[in-house]
Amino acid sequence: MGELPESVRDALGATQMRALRGMRDRLSHNDRATNLDIVWVAATRDLPVLRDRVRALLRQG
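For clarity, every value in this text was computed on a predicted model and none was experimentally measured.

Draft legend 1. Just the overall build of the chain, in detail. Broken down by element type, the chain carries two helices and zero strands. When the backbone C-alpha atoms are referred to their principal axes, the chain occupies close to 40 × 20 × 15 Å. Within the span of the chain, comprising 61 residues, buried residues form 18% of the whole. If you take every contact in the chain between residues at least 6 apart in sequence, the share linking residues at least 24 apart comes to 42%. Roughly 5000 Å² of accessible area belongs to the chain as shown, and the carbon and sulfur atoms make up 53% of that amount. One way to put it: in the chain the 11 positive side-chain charges average out to a point 1 Å from where the 8 negative ones average out.

Written as structure tokens, this is what we have:
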């Protein structure tokens with residue numbers, strides 16, 4: 001998550017950043033306990049919302 005500017009990480013908050021890091025860790029380490037239904041919801045419902053929020057934060061500077 002180091003690629004996000006500090007201002008964006010701060011705006012998202014510690015809880016959101018912890019959730020993002022957790023999902024990234026599970027996916028990158030191919031954890032067999034990963035629930036693909038949860039991944040699907042995150043990718044189709046949560047990620048577009050997060051993308052729009054990060055874009056807005058980046059535009060703000």
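Draft legend 2. Spotlight on the side chain of T34. Within the secondary structure, T34 is located in the loop between α1 (6–28) and α2 (36–60). Residue class for T34 comes out buried when judged on its relative accessible area of 16%.

Scoring rules and cut-offs
Residues numbered from 1 in each chain as written. Predicted model: local features only at pLDDT ≥ 70, side-chain atom pairs only at ≥ 80, totals over all residues. Heavy atoms only, no water. Helix = DSSP H or I, 4+ residues; strand = E, 2+ residues; numbered from the N terminus. Buried < 20%, exposed > 50% of the residue type's maximum accessible area, 1.4 Å probe, protein only. Contact = heavy atoms within 4.5 Å. Areas by Shrake-Rupley, 256 points an atom, 1.4 Å probe, with all protein chains shown as cover. Lys, Arg positive; Asp, Glu negative; His and termini not counted. Charge placed at Lys NZ, Arg CZ, Asp CG, Glu CD.

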